[in-house]
Amino acid sequence: MGYNSVKQPRIADVIVQRLEEMILEGTFKPGQRLPPERELAKQFEVSRPSLREAVQKLAARGLLISRQGGGTFVSEDLGGSFSDPLLELFKTHPEAQYDLLEFRHALEGVSAYYAALRGTAADRETIRLRYEELERFHARKAFDEEVDADVEFHLAIAAATHNLVLLHMMRALFSLLRQHVTGNLRNIYPRAGLREKIHQQHKVLMDAILAGEPDKARDAAHHHLAYVEDALLEGERENTRLERALRRADSSR
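Residues numbered from 1 in each chain as written. Predicted model: local features only at pLDDT ≥ 70, side-chain atom pairs only at ≥ 80, totals over all residues. Heavy atoms only, no water.

What follows covers the pattern of salt bridges. Here the structure, examined in full by the defined rule, presents 12 salt bridges. Put simply, Arg 128 and Glu 132 hold a salt bridge, and the shortest N to O gap is 2.4 Å. On the criterion of helical spacing, the pair formed by Arg 128 and Glu 132 is a turn pair, its members being 4 residues apart in helix α6 (residues 121-140). Taking relative accessible area as the criterion, Arg 128 reaches 28% and is therefore assigned partly exposed. Taking relative accessible area as the criterion, Glu 132 reaches 27% and is therefore assigned partly exposed. Each member of the salt-bridge network shares a partner with another, and the members are Glu 37, Arg 48 and Arg 52. (Salt bridge = Lys/Arg side-chain N within 4 Å of Asp/Glu carboxyl O. Helix = DSSP H or I, 4+ residues; strand = E, 2+ residues; numbered from the N terminus. Buried < 20%, exposed > 50% of the residue type's maximum accessible area, 1.4 Å probe, protein only.)

Pasting the structure below:
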């Protein structure tokens, strides 16, 4: 076989590869609807039949879902292994939150480091916008919205690492992470001054990433999570003291 007979890839296979890259990079997120067929074909500069063939191939592999008359969506089940029933136990066993905090120390320290090292101008702008959104909800004391914004802020940092495994690990853990953050904030925020300190720590973390200082960013992430852990432990000690006081009061009646 001569050099001139090298087989050219099929157009549909090239489209498949491009769509896979966009899903991996987070351009298309789990559950997101893809642009209309006409628009996507124009964007890729391919025919609609070739695009349709590529979509069918990805749908057969469970990456895309086509709904009759409703468009094509990225599967919501990407990273579904993190919905394992074992993870449900984390939500019902308080001691597991410290294991999760330890895991977050490792994951988010690395995220902050590489976000500062590799983040593009667009990444930095997204992180800044997520922080401003978090700040708005913080100022309004809108608890549920602040929790969502807190998680989105950390996910924007993960996306800025340009490490696809790290990004999808964080995305797949989103529901667990959200519950974890919610539980933490419900325990911490009622105590004077703690809410403001945590918000200030987010700013220190953001500033280090925007300044392109990886070591400072990693240290800021670790300091933030260490502070949350200390605050939770102190809260538990307060609850234990209160329980003992109530038991003594009951026994003296």
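Before going further, it helps to examine helix α1 (residues 11-25). Every α-helix winds through 3.6 residues per turn, so residues three or four apart in the chain are directed the same way. In this model, α1 (15 residues) spans 21 Å end to end at C-alpha, consistent with the 21 Å of a helix rising 1.5 Å per residue. Within the sequence span of α1, burial applies to Ala 12, Ile 15, Val 16, Leu 19, Met 22 and Ile 23. Viewed end-on, α1 has its buried residues packed into an arc of 130 degrees, placing them on one side of the element. Those residues of α1 hidden inside the fold are in contact with α2 (37-44), α3 (48-60), β1 (64-67), β2 (71-74) and α8 (164-172). Where α1 terminates, the next one or two residues include Gly 26, which has phi positive at roughly 90 degrees. (Expected span 1.5 Å × (residues − 1). Arc of directions from axis to C-beta. Contact = heavy atoms within 4.5 Å.)

All right, on to the environment of Ala 208 then. Considering the arrangement of structural elements, one finds Ala 208 in helix α10 (residues 194-210). Judged by its relative accessible area of 5%, Ala 208 is buried. A C-alpha to C-alpha distance of 9.3 Å links Ala 208 and Tyr 113, two positions 95 residues apart in sequence. Those residues in contact with Ala 208 that lie beyond four places of it in its chain are Ala 116, Glu 213, Lys 216 and Ala 217.

Here α2 crosses α3 at 105 degrees, and the two axes come no closer than 9 Å. With respect to their mutual orientation, α2 and α3 come out roughly perpendicular. Every residue of α3 that contacts α2 at Glu 37, Arg 38, Leu 40, Ala 41 and Phe 44 is listed here: Arg 48, Leu 51 and Arg 52. A per-class count over the contact of α2 with α3 returns 4 nonpolar, no polar and 4 charged. (Axes fitted to C-alpha atoms, helices over the stretch in contact; angles between N-to-C directions. Parallel < 35°, antiparallel > 145°, perpendicular 65-115°, else oblique. Nonpolar A, V, L, I, M, F, W, Y, C, P; charged D, E, K, R; others polar.)

Time to look at the side chain of His 105. When you line up the elements, His 105 lands in helix α5 (residues 96-118). Once you skip the residues sitting within four places of it in the chain, His 105 turns out to touch His 222, Leu 225, Ala 226 and Glu 229.

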